Amino acid sequence: MPEAIVQTRGLTKIYGQLRALDNLDLEIEQGSIYGFIGPNGAGKTTCMRILCTLLEPTSGEAWINGLSVRDEPEKIRMHIGYMPDFFGVYGDMKVWEYMDFFARCYKIPQDRIGTLTDELLELVNLQDKKDDYVESLSRGMKQRLCLARTLIHDPDLLVLDEPASGLDPRARIEMRELLKELRSMGKTIMLSSHILTELADVCTHIGIIEKGRLLASGQVDEMIYRLQLQRRIRLVLTGGASGALEVLSSTNDVNDVQIMEPAPQTDEDPATISFGLTSPSNNYSPLIARLIEAGAQIREFVEERGDLEDVFMQVTKGEVQ
Ligand SMILES: Nc1ncnc2c1ncn2[C@@H]1O[C@H](COP(=O)(O)OP(=O)(O)OP(=O)(O)O)[C@@H](O)[C@H]1O
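Residues numbered from 1 in each chain as written. Predicted model: local features only at pLDDT ≥ 70, side-chain atom pairs only at ≥ 80, totals over all residues.

You'll find the protein chain entered in an unreviewed UniProt entry as ABC transporter related protein, with Thermobaculum terrenum given as the organism. Regarding the protein chain, the UniProt comment filed under Sequence similarities (unreviewed entry) reads as follows: "Belongs to the ABC transporter superfamily." (UniProt positions renumbered as here; feature names shortened; annotations may be inferred.)

Structure, rendered in structure tokens:
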């Protein structure tokens, strides 16, 4: 069992009358990309700020690498890189000055700062922007710059509050690729989002939070099976749709079979069929074997990932404080 880099027990934060976090028991495994998902006001930022030692819990405890946020905040800060959900105002600084400023905050030795800045700007693909003013960068570039500076002290854990918010599709894809690369460098990443699909496909684990409570948490695939949700399969055929449809209509676990447009006119025509599958197993070989036996010429048999949305809809009620 991989070790937990983040652990909380009964973590609670009360603002006046409002329970922003309510007895949160969270565990994030080393090496995972953990998507912390919930509607606006669910308590994501509050939780992240406590983990980063920027806010004190009302009760309960949280540990980072076994260090208590209450007792050892200074040490914890060396393990965490935090990217807040707002960028701040650094308009009259050049990109290299911005990096230099944060490097000094973390007491990086002067003779290391230049090389480190170059390495990190290259990692986030901003090496050409080194002498540009921060103000002149696009939102996506600012997000990447902000990510570069969270890496300056080489933390094990990155806590990223809404890293994809406001990004256009291309910038989101770049952010996704960057997150994957950071994971392959051994970083653990916790990121929040109120839009499930925004970054869900890079997450290895997700936690769903609503009204300060953790409603579900775990490995993405496991959660789908645990909650007994149906998966959807997209079957693309180069021919033999009639045999495939016969098999699907006589299989117990299959439901809601849909033939996508353009529908095949003859059995030689290509076809795309979408269907729901309720079996808890993800071994599709028996079904595929029967399809082939019935004459289906299979080009693709793909499990669609929209299921995560079902998990979200099932466990949340869309309530906010
Ligand atoms: N300093 C504060 N004083 C009083 N209430 C606060 C404070 N900070 C947050 N809250 C409230 O606590 C609740 C949780 O807020 P939080 O910012 O943690 O949620 P969030 O899930 O990050 O939301 P968003 O997606 O909008 O950033 C909200 O109802 C918010 O209004």
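A. Quick look at the nonpolar core. Ranked by internal contacts, the top residues of the largest apolar core, which has 60 residues, are L51, A148, V159, I189 and M190. Once residues lying within four places of it in the same chain are set aside, the contact partners of A148 are M99, L120, L121, L123, V124 and L126. The next biggest cluster of nonpolar side chains, apart from the first, holds 13 residues, and it includes L235, A271, F275 and L277. (Core = buried A, V, L, I, M, F, W, Y, C linked by C-beta atoms within 7 Å. Buried ≥ 20, exposed ≤ 12 C-beta atoms within 10 Å, placed from the backbone. Contact = placed C-beta atoms within 7 Å.)

B. Geometry of the packing of helix α3 (residues 95-105) against helix α4 (residues 110-123). Running from N to C, α3 and α4 point in directions that differ by 120°, and their axes come no closer than 10 Å. In terms of their interaxial angle, α3 and α4 are classed as oblique. The two elements α3 and α4 meet at a crossing, and its hand is right-handed. Packed against α3, whose contacting residues are W96, M99, D100 and A103, the element α4 presents I113, L116, T117 and L120 at the interface. Here the residues of the contact of α3 with α4 are counted per class, giving six nonpolar, one polar and one charged. (Axes fitted to C-alpha atoms, helices over the stretch in contact; angles between N-to-C directions. Helix = DSSP H or I, 4+ residues; strand = E, 2+ residues; numbered from the N terminus. Parallel < 35°, antiparallel > 145°, perpendicular 65-115°, else oblique. Left-handed = near helix turned anticlockwise from the far one by under 90°. Nonpolar A, V, L, I, M, F, W, Y, C, P; charged D, E, K, R; others polar.)

C. Broad picture of the sheet that holds strand β13 (residues 254-259). Spatially, four strands are ordered β13-β14-β12-β15 in an open sheet, and the strand pairing comes out antiparallel. Each edge of the open sheet carries a strand with a single partner, namely β13 and β15 (297-304). Across the sheet, the axes of successive neighbouring strands diverge by a mean angle of 20°, strand direction being ignored. Two strands pair when backbone bridges link them, and strand β12 (residues 231-239) and strand β14 (residues 271-277) are joined in this way by seven bridges, in the antiparallel orientation. Of the residues in β14, the one forming a bridge with R232 is G276. (Pairing = 2+ DSSP bridges.)

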